[in-house]
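# Coordinate analysis (summary)
Each chain, written out:
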Amino acid sequence: MKSIMVQPIMGLDLGSSSVKAVCLRKGWLGLEWAGGYTHVTGILNQRDLSRIQGPFDWAREGVPGLKEWIAEHQLPMDRVVVSLPAHLISLRTLTLPFNDVRKLEKLVPFEIEALLPYPLDEVVVDYEVIDATGGKMNLLAAAAPRGRVKNYLEQLARAGIDPEAVGLDGLALMNLARHLLLDSSAPGIPAAGTAVLEIGASKTVVCILRRGQAAFIRTILWGGRDLTAALSDACGIPPEEAEEWKRQAGLEDSGISRLHQKGVSQTIRRALEPFISELVRTVHVFEANEPVPAAMMPGQADGRAPLTEFSLYGGGSKLKGLEPYLASELGIQAVTRAPKIAPGNETGWDPAFGLGLGLALKGARQTGGSRMNFRKGEFAHGREATASTARVRYLWIGALLVAAVAAVDLYTQYTLQASQYRTLKTEVREQFRTMFPEVKNVVDEVQQAKTAVAEMRKRAALFGTGDWTPLQLMAELTQRMPPAVKIEVQDLVIESGRLRLEAETDSFESVDRVKASLGQFEAFRDVTVSDAKVSADQSKVRFRLTMTLAPKDLE
């Protein structure tokens, strides 16, 4: 039962001179250290050590003996996490005017597209949230070339490695720092800035954190090999011997007379100058370009906390005297913490395993760890693809259940509405028979009712319903005409509130008498004569007479 519950996790740090694996066990009681392993791949038999193998060159050619080394140590391969180096991808800081993380997956690629040197369809884009408060969000967005990710996974597959996640080396340092800060005696994560450095053979990864989140990541292409090469050139010794002198003396050769006489430490200090300059420049660039956090810090005008400490990890960090020397040069306190889950034996914690531990912590899915993973889309891990298939299956099942419930609901509503319709139809028919008892054959109550109402209106208009009817108006016109005047009506138009008469009479005088006679009737208002003219044979006068009709109840 115990073996079932324990979950092995491996963080694989693939460097230019060595491969380091950190194995953890995740059980009911938390994380346990299961071992740290190193496979040396670098060569120290050429003069130009910095050009032997550039950072990440192995991803194009593979690591010799990697598969055999994994089999020799029986390393767990169920859950493996690796990383891409920050200097081979595009990193951008984005500020968005909202803090809804649900929109980011679709929005970030379009926001970063204009900032990339590649077309969007040639990169894999992911992001890490720096902070998301105060109605806005600061992000660290990354774009890795698809060809590089594909080749990386193919080289790993040749060694029998199918990584669950491909993260970013700088964010692995964030995982490490957060784990160490939360595991320390100090409560919570300090708001002040912390720089985490991982000094390898050919590069140094710098991750600067604010409130425990990675706010700035940079790779400096300088490492332990540069010191070895400088010492080899200055002293005229083979690279293997220069490497040994560097380890013995470091920056404190005063106790080793023969090395002190040769000025080994002084040579190393001079070789460190470009590295120190790059570190100082990195801090300045970060402080000049850091996005203002959404949540303002008390006592800070812009909400930025000072960079107060740094931690050293990686094989190059073991150089004697390096930590206090950097603290003096940078003016920042050096605080390098050892994780409690590391082995407590006589060998103690080896800082060379820092990056590998940060990757393993990502695989353990620790709270607050990095989310960035370039294994997505076409490169998605088989386990994730299976989970996605299962999620799609569940979504289809859920959709079918929703459709079934909707169908039942629709049928229920249809049944109720049909019942209500039949009830209403019965009531309408009863009301129709009550109002129109003379109709014997009822087919369409509504249409038949409209027809009956229209007939009633016609009869009302003809015989009157309290207003003037055409018959009444014709009677009044006949009665109001002067007895001695004869007219021949050509046209009579009766409209709502208006009457127009076109007729012929014997003279203009007769026209005036007709107008005067009709104007004496109160119901005929504004009696007006227009278009009065003599006919062609000079025997008659044609005229048009218009008037306004007063309502009958006001007459």
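Note that the structure is predicted; figures quoted are calculated from it, not measured. (Residues numbered from 1 in each chain as written. Predicted model: local features only at pLDDT ≥ 70, side-chain atom pairs only at ≥ 80, totals over all residues. Heavy atoms only, no water.)

### A look at the packing of helix 7 (residues 224-235) against helix 10 (residues 264-289)
Look at helix 7 against helix 10: their axes get within 9 Å of each other, and the N-to-C directions meet at 130°. The angle between helix 7 and helix 10 places the two elements in the oblique class. The crossing of helix 7 and helix 10 is right-handed. Along the contact surface, helix 7 presents Leu227, Ala230, Leu231 and Ala234, while helix 10 presents Val264, Thr267, Ile268, Ala271 and Leu272. Here the residues of the contact of helix 7 with helix 10 sort into eight nonpolar, one polar and no charged. (Axes fitted to C-alpha atoms, helices over the stretch in contact; angles between N-to-C directions. Helix = DSSP H or I, 4+ residues; strand = E, 2+ residues; numbered from the N terminus. Parallel < 35°, antiparallel > 145°, perpendicular 65-115°, else oblique. Left-handed = near helix turned anticlockwise from the far one by under 90°. Contact = heavy atoms within 4.5 Å. Nonpolar A, V, L, I, M, F, W, Y, C, P; charged D, E, K, R; others polar.)

### Comments concerning the sheet that holds strand 1 (residues 7-14)
Judged by pairing direction, the sheet is mixed, and its five strands sit side by side in the order 3-2-1-4-8 without closing on themselves. Every interior strand has two partners, whereas the edge strands, strand 3 (30-40) and strand 8 (165-168), have only one. Strand-to-strand twist of the sheet, defined as the mean angle between neighbouring strand axes without regard to direction, takes the value 25°. Relative to strand 8, strand 4 (residues 80-84) runs parallel, the two sharing four bridges. Among the inter-strand pairings, Val82 is bridged to a residue of strand 8, identified as Val166. Sheet contacts for helix 3 (residues 66-73): strand 1, strand 2 (18-27) and strand 3; angle to strand 3, the most-contacted strand, approximately 135°. Helix-sheet contacts for helix 12 (residues 354-363) involve strand 1, strand 2, strand 3, strand 4 and strand 8, and the interaxial angle to strand 1 is about 140°. (Pairing = 2+ DSSP bridges.)

### A closer look at the pairing of strand 7 (residues 137-145)
Within a regular beta strand, the side chains point alternately toward one face of the sheet and then the other, so they alternate between its two faces. With nine of its nine residues buried, strand 7 lies for the most part within the structure. Side chains of strand 7 alternate between two faces, with Met137, Leu139, Ala141, Ala143 and Pro145 and Asn138, Leu140, Ala142 and Ala144 buried alike. In this structure, strand 5 (residues 90-96) lies alongside strand 7, joined through seven bridges in antiparallel fashion. Looking at strand 7, one finds that Leu96 is bridged to Met137. Pairing of strand 6 (residues 123-131) with strand 7 involves eight bridges; the strand directions are antiparallel. Across the sheet, residue Val129 finds its bridge partner in strand 7, namely Leu139. The turn linking strand 6 back onto strand 7 is made up of five residues, and Gly134 within it adopts a positive phi angle of 70°. (Buried < 20%, exposed > 50% of the residue type's maximum accessible area, 1.4 Å probe, protein only.)

### Examining the packing of aromatic side chains
In total, this model carries five aromatic pairs according to the counting rule given. Ring centres 5.0 Å apart and planes at 85° place the aromatic pair Phe521 and Phe524 in the edge-to-face group. Like Phe521, the residue Phe524 is buried in the burial classification. Through a chain of ring-to-ring contacts, the aromatic side chains of Trp33, Trp349 and Phe353 assemble into a single cluster. (Phe/Tyr/Trp six-rings, centres within 6.5 Å; stacked < 30°, edge-to-face > 60°.)

### A word on the sheet that holds strand 6
A sheet is described by the order of its strands in space; here three strands give the open sequence 5-7-6, paired in antiparallel fashion. On the outer flanks of this sheet lie strand 5 and strand 6, each paired with one strand and no other. Ignoring strand direction, the axes of neighbouring strands in this sheet form an average angle of 25°. Here helix 4 (residues 104-113) sits on the sheet and contacts strand 5, strand 6 and strand 7; the angle it forms with strand 6, its principal contact strand, is near 110°. Across the sheet, helix 5 (residues 146-158) lies against strand 6 and strand 7, angled at about 65° from strand 7, the strand it touches most.

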